[in-house]
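Letter by letter, the chains look like this.
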Amino acid sequence: MSRQTPRKARHARQPSNLIPAVSDYESDAAAIHAAYAPPPPRTNTELNSSVLQRYLPSIQAILSIAANAVVYTFDSETASWDKSGIEGTMFVCAQSPLPESHQPRACVFVLNRRALDNLVVDLAKVSHVEIAGELVILKVEGDSEGGDKVIGLWIHNDKDETREINGATIQESWKVARTGATPEEHPPEGGPAVQAIGRQLALSDLFGQQNEPQPANH
């Protein structure tokens, strides 16, 4: 009886490199995905800053924000306030100094939701700031083409005291922009309320009028 020798089992030959090769198409797809990956999330302040810098690249930081502000202009002939047609989110911003000067700069920027014309007030060109009732009043120096003008900012108030905070920020930023002194070098006098809103002045001193005008209904 013959004995048959069992055949050895055939084993599949294993490749020396077990890592699958990536095709050129897959490499290109991975590179495209990396190139178009979404940017890291940004804060609301960063988003607001980027929007404002499109209009005014010198803006460096946002000092305070009011979600809703209405801009009025003062008519000296009728001693009344008129809506300017500008209303929206208001920002008090610090700006980079001019190249020929190290003087600090600041501005009030109202991003108009009604039209394309925004309000930008250079606080260095404001000769006087006053808080009177619901208005923050700015007397803006004129140029060779026009005289001084008076602007009233009505700021919607809320539980966070947005009106008071923005009014105080405008006043302190104005002092810095006009004098170059920091708030620490230019401390306000009086108690917390006076420190928040500044010294009240008669509107007759500001406008040369005897009666205090009242803004129209908002």
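Here is what the cut-offs are and how they apply
- Residues numbered from 1 in each chain as written.
- Predicted model: local features only at pLDDT ≥ 70, side-chain atom pairs only at ≥ 80, totals over all residues.
- Heavy atoms only, no water.
- Core = buried A, V, L, I, M, F, W, Y, C linked by side-chain atoms within 4.5 Å.
- Buried < 20%, exposed > 50% of the residue type's maximum accessible area, 1.4 Å probe, protein only.
- Helix = DSSP H or I, 4+ residues; strand = E, 2+ residues; numbered from the N terminus.
- Contact = heavy atoms within 4.5 Å.
- Pairing = 2+ DSSP bridges.
- Expected span 1.5 Å × (residues − 1).
- Axes fitted to C-alpha atoms, helices over the stretch in contact; angles between N-to-C directions.
- Salt bridge = Lys/Arg side-chain N within 4 Å of Asp/Glu carboxyl O.
- Disulfide = S-S within 2.5 Å.

A. Spatial organisation of the nonpolar core. In terms of nonpolar packing, the biggest core is built from 24 residues, with Met90, Leu138, Leu153 and Ile170 touching the most fellow members. Taken together, the elements giving at least two residues each to this core come down to strand S1 (59–75), strand S2 (80–95), strand S3 (105–112), strand S4 (119–122), strand S5 (126–132), strand S6 (135–140), strand S7 (149–155) and helix H3 (162–179). Among residues more than four places away in sequence, those in contact with isoleucine 170 are Met90, Val92, Val108, Leu123, Val129, Val136, Leu138 and Leu153. If you look at the next biggest cluster of nonpolar residues, it comprises 9 residues, including Val70, Leu135, Val150 and Trp154.

B. How the structure looks around the pairing of S7. The element S7 is largely enclosed, with a buried count of 6 among its 7 residues. With 6 bridges connecting them, S6 and S7 associate as antiparallel partners. What sits directly across from lysine 139, in S7, is valine 150.

C. Geometry of the environment of alanine 168. Considering the arrangement of structural elements, one finds alanine 168 in helix H3. Here alanine 168 falls in the buried class, since its relative accessible area comes to 16%.

D. Structural detail: H3. Here H3 spans 26 Å end to end across 18 residues, near enough to the 26 Å set by a 1.5 Å rise per residue. Taken across its 18 residues, H3 has 13 buried, putting it largely inside the fold.

E. Representation of the sheet that holds S4 within the structure. Taken in spatial order, the 7 strands of this open sheet run S4-S3-S2-S1-S7-S6-S5, and their pairing is antiparallel. Every interior strand has two partners, whereas the edge strands, S4 and S5, have only one. The average undirected angle you get between the axes of adjacent strands in this sheet is 30°. Packing of helix H2 (residues 44–55) onto the sheet brings it into contact with S1, S2 and S3, and relative to S1 it is tilted by some 60°. Set on the sheet, H3 makes contact with S1, S2, S3, S5, S6 and S7; between it and S5 the angle comes to about 160°.

F. Fine view of the pattern of salt bridges. Applying the stated criterion across every chain, the model contains 3 salt bridges. Across the pair arginine 114 and glutamate 87 runs a salt bridge, and its minimum N-O distance is 2.8 Å. Of this pair, arginine 114 sits in the loop between S3 and S4 while glutamate 87 sits in strand S2, and the two are 27 residues apart along the sequence. Measuring nitrogen to oxygen at the nearest pair gives 3.2 Å for the salt bridge that ties glutamate 141 to arginine 178. Residue glutamate 141 is located in the loop between S6 and S7, and its partner arginine 178 is located in helix H3; the two are separated by 37 residues in the primary sequence.

G. Representation of the state of the cysteines. Taken as a whole and assessed by the stated rule, the structure comprises 0 disulfides. Unpaired in terms of disulfides, cysteine 93 finds its nearest cysteine sulfur in cysteine 107, a separation of 4.6 Å. A relative accessible area of 0% means that cysteine 93 is categorised as buried.

H. Looking closely at H2. In this model H2 runs 17 Å from its N-terminal to its C-terminal C-alpha over 12 residues, within 8% of the 16 Å that 1.5 Å per residue would give. Buried within H2 we find Ser49, Ser50 and Leu52. Tucked into the core, H2 has its buried residues touching S1, S2 and S3.

I. Quick look at the side chain of serine 58. In this fold, serine 58 is placed in the loop between H2 and S1. Serine 58 has contacts with Ala94, Gln95, Ser96 and Arg105, leaving out every residue within four places of it along the chain.

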